[in-house]
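Notes for the structure review
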Amino acid sequence: MNKIVSFIIGAFSGALVSSILVLLLTPMKGSEVRARLGNSFVHVQNEVKTAAQKRVDELNQQLAKLQNKVTE
């Protein structure tokens, strides 16, 4: 168990350090990086909302089918 925790901490630390280095060493201006990150965040947020709404619609359809079976 201790090896797994150490691995997870190491992987997270490595990802964090590499992310910071990429942001610091990028040839773009800070404002461009912030704009790109903001756009990426908005894109991911919209994708999550779309997927959640699709799943809600699917679950509502399943619920309606089950309610129809119970009433029959």
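Up top is the structure these notes are about.
First, a word on scope: everything that follows refers to the structure included in this document. (Residues numbered from 1 in each chain as written. Predicted model: local features only at pLDDT ≥ 70, side-chain atom pairs only at ≥ 80, totals over all residues. Heavy atoms only, no water.)

This part takes up the overall build of the protein chain. When helices and strands are counted, the protein chain shows 2 helices and 0 strands. Here the C-alpha radius of gyration of the protein chain, 22 Å, is well above what a compact globule of 72 residues would show, namely 11 Å. Taking the principal axes of its C-alpha atoms as reference, the protein chain extends roughly 65 × 40 × 10 Å. Going through the 72 residues of the protein chain one by one, you find that 1% of them count as buried. On the protein chain, roughly 6,700 Å² of surface is accessible, and the fraction owed to carbon and sulfur atoms is 66%. Each charge sign in the protein chain was given a centre, from 9 positive and 5 negative side chains, and these centres are 10 Å apart. (Helix = DSSP H or I, 4+ residues; strand = E, 2+ residues; numbered from the N terminus. Rg over C-alpha atoms; globule rule 2.2 N^0.38 Å. Buried < 20%, exposed > 50% of the residue type's maximum accessible area, 1.4 Å probe, protein only. Areas by Shrake-Rupley, 256 points an atom, 1.4 Å probe, with all protein chains shown as cover. Lys, Arg positive; Asp, Glu negative; His and termini not counted. Charge placed at Lys NZ, Arg CZ, Asp CG, Glu CD.)

For the rest of this paragraph, the subject is a nonpolar patch on the surface. Taken together, the side chains of F12, L16, V17, I20, L21, L24 and L25 make up a nonpolar region of the molecular surface, amounting to roughly 760 Å² of accessible area. Tracing the backbone shows F12 in helix 1 (residues 2-25). (Patch = residues over 30% accessible without salt bridge, like charges linked within 9 Å, V, L, I, M, F, W, Y side chains within 5 Å. Salt bridge = Lys/Arg side-chain N within 4 Å of Asp/Glu carboxyl O.)

The next point concerns the environment of D57. Mapped onto the elements of the fold, D57 is located in helix 2 (residues 30-71). Assessed through its relative accessible area of 37%, D57 is described here as partly exposed. The sequence separation of D57 and N46 amounts to 11 residues, and the corresponding C-alpha distance is 16 Å.

Note that all results are geometric; they support no functional claim without further evidence.
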